[in-house]
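# Secondary and tertiary structure notes
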Amino acid sequence: MSQKRRVWIKVVLGLAVLALVGVSIIPLLGTVLESNQPSAVATPNTQPSLSTEQQTQLEDQAKGYQLVLQREPQNQTALRGLLEAKLRLGDVQGAIAPLEALAELNPDQPEFGVLLAQAKEQTGDREGAAQAYRQILASQPGDINALKGLAALYIQQNRPEAAIGLLQDTIKNAGQQNQTQPGRVDVSSVQLLLGEVYLSQQRFTEALTIYDQLIEENPQDFRPVLAKALILRQQGKTEEAKPLFTTAVSLAPQEHKDQVKQLATLSEQPTPAPTASPGNNETPDFPEPLPEGEESP
């Protein structure tokens, strides 16, 4: 992927933070990692207000791009311009059509598919959102954002076992997938996500089992150490959590070290466990993934 295209995608993802209500990736154990928002995730009511002049200008730009697309429906410059204008306007419904086209034209860039799924979920099309995630996973079974989004949808529908099965099957098939294409499935990240699903259901024993396994298999990975420390502190086991926080700080890469230190020095009062309320139409409190060592491209 060219540097120019990378920059453009980052711009669109940044706009999506302001325009889309993403899958339920926040928060981890309450609000402890609110500052670590994934690039394609959004929260409600964060769209900045536009002046009348700015809104008129964006609407005119959108109309111009739509005229181009009437003649050239696969013109990616126009599709990207239309998407950017719609996102700036906060028009999620209007962003779906260019996202669908861009996702189809760029199957190697799952960011478009993830944004499409999030947009469809916000507009109430949960089945369409699930289909968008599944389409990504059909070609990229280890895409963590698609796995995260689909698992969150299952939990939102009070189907935690479906979410757990999705992730367990991904882990089970990872060996074969990685033989075909090394690194296709990051097993550790999927296991961390499975632990988060268990946490959303207050199944702490199963979550801790996963984190202990990861700590043993990947002793230099700070994420499972931090996750275990957070759970223990949440359960009021602060003395057990302290040495784990110390270890997590020492293992964390430089770009995450300050954040981990902040988490380690938070109040030692246990916080309520995240729950997913059956029948609630709101996105459940599905834990946010722990920060990874490198930024996703």
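Residues numbered from 1 in each chain as written. Predicted model: local features only at pLDDT ≥ 70, side-chain atom pairs only at ≥ 80, totals over all residues. Heavy atoms only, no water.

### A closer look at the overall build of the protein
- Counting its regular elements, the protein contains 13 helices and 0 strands.
- Going from N to C terminus, the protein has its helices and strands arranged as α-α-α-α-α-α-α-α-α-α-α-α-α.
- Here the protein holds 297 residues, and the buried ones make up 47% of them.
- By sequence separation, contacts in the protein at least 24 residues apart represent 62% of the contacts at least 6 residues apart. (Helix = DSSP H or I, 4+ residues; strand = E, 2+ residues; numbered from the N terminus. Buried < 20%, exposed > 50% of the residue type's maximum accessible area, 1.4 Å probe, protein only. Contact = heavy atoms within 4.5 Å.)

### Some remarks on the nonpolar core
- Of all hydrophobic cores here, the largest spans 55 residues; its most connected members are Leu99 and Tyr211.
- Among the nonpolar cores identified, the runner-up in size contains 15 residues, and Phe222, Val249, Leu251 and Ala252 belong to it. (Core = buried A, V, L, I, M, F, W, Y, C linked by side-chain atoms within 4.5 Å.)

### Points about unusual backbone geometry
- For Asn158, which is not glycine, the phi torsion reads 60 degrees and is therefore positive.
- Here Asn158 shows up in the loop between α7 (144-156) and α8 (160-180).
- On the basis of relative accessibility, which here comes to 44%, the residue Asn158 falls in the partly exposed class.
- Phi is positive for Gln202, which is not a glycine, with a value near 60 degrees.
- Among the structural elements, Gln202 can be located in the loop between α9 (187-200) and α10 (204-217).

### Considerations on the confidence of the model for the protein
- Put simply, the protein has an average pLDDT of 79, and 73% of its residues get 70 or more.
- The model gives residues 7-46 a pLDDT under 50, and that stretch makes 107 contacts with residues more than four places away or in other chains.
- Contacts from residues 267-297, a stretch scored under 50 in pLDDT, to residues over four places away or in other chains number 101 contacts. (pLDDT = per-residue confidence, 0-100.)

### Re the pattern of salt bridges
- Counted under the stated rule, the structure contains 9 salt bridges.
- Between Arg203 and Glu206 there is a salt bridge whose closest N-O contact spans 2.7 Å.
- Take Arg203: its relative accessible area is 24%, and that puts it in the partly exposed class.
- The salt bridge involving Glu239 is made with Lys242; its shortest N-O contact spans 3.1 Å. Within this pair, Glu239 and its partner Lys242 are both found in helix α12 (residues 238-251), separated by 3 residues, close to a single helical turn.
- The exposure class assigned to Glu239 is exposed, which follows from its relative accessible area of 55%.
- Residues participating in the shared-partner salt-bridge network are Glu161, Arg203 and Glu206. (Salt bridge = Lys/Arg side-chain N within 4 Å of Asp/Glu carboxyl O.)

### Regarding the packing of helix α11 (residues 222-234) against helix α13 (residues 254-264)
- The contact between α11 and α13 brings their axes to 11 Å, and the two run at 15 degrees. Considering their axes alone, α11 and α13 lie roughly parallel with respect to each other. Helix-helix and strand crossings are classified by hand; for α11 and α13 the assignment is left-handed. Along its contact with α11, which presents Phe222, Leu226 and Arg233, the element α13 presents His256, Val260, Leu263 and Ala264.
- When the residues that make up the contact of α11 with α13 are grouped by side-chain class, the tally is 5 nonpolar, 1 polar and 1 charged. (Axes fitted to C-alpha atoms, helices over the stretch in contact; angles between N-to-C directions. Parallel < 35°, antiparallel > 145°, perpendicular 65-115°, else oblique. Left-handed = near helix turned anticlockwise from the far one by under 90°. Nonpolar A, V, L, I, M, F, W, Y, C, P; charged D, E, K, R; others polar.)

### So, the environment of Pro141
- On the secondary structure map, Pro141 appears in the loop between α6 (126-139) and α7.
- Leave out the neighbours within four places in its chain, and Pro141 touches Leu147, Thr170, Gln177, Arg184 and Val185.

### Concerning helix α5 (residues 110-122)
- The terminal C-alpha atoms of α5, which comprises 13 residues, lie 18 Å apart, in line with the 18 Å expected from a rise of 1.5 Å per residue.
- Buried residues dominate α5, accounting for 12 of its 13 residues.
- Pro110, Glu111, Phe112, Gly113, Val114, Leu115, Leu116, Ala117, Gln118, Ala119, Lys120 and Glu121 are the residues of α5 that are buried.
- Immediately beyond the C-terminal end of α5, within one or two residues, lies Gly124, with a positive phi of roughly 95 degrees. (Expected span 1.5 Å × (residues − 1).)

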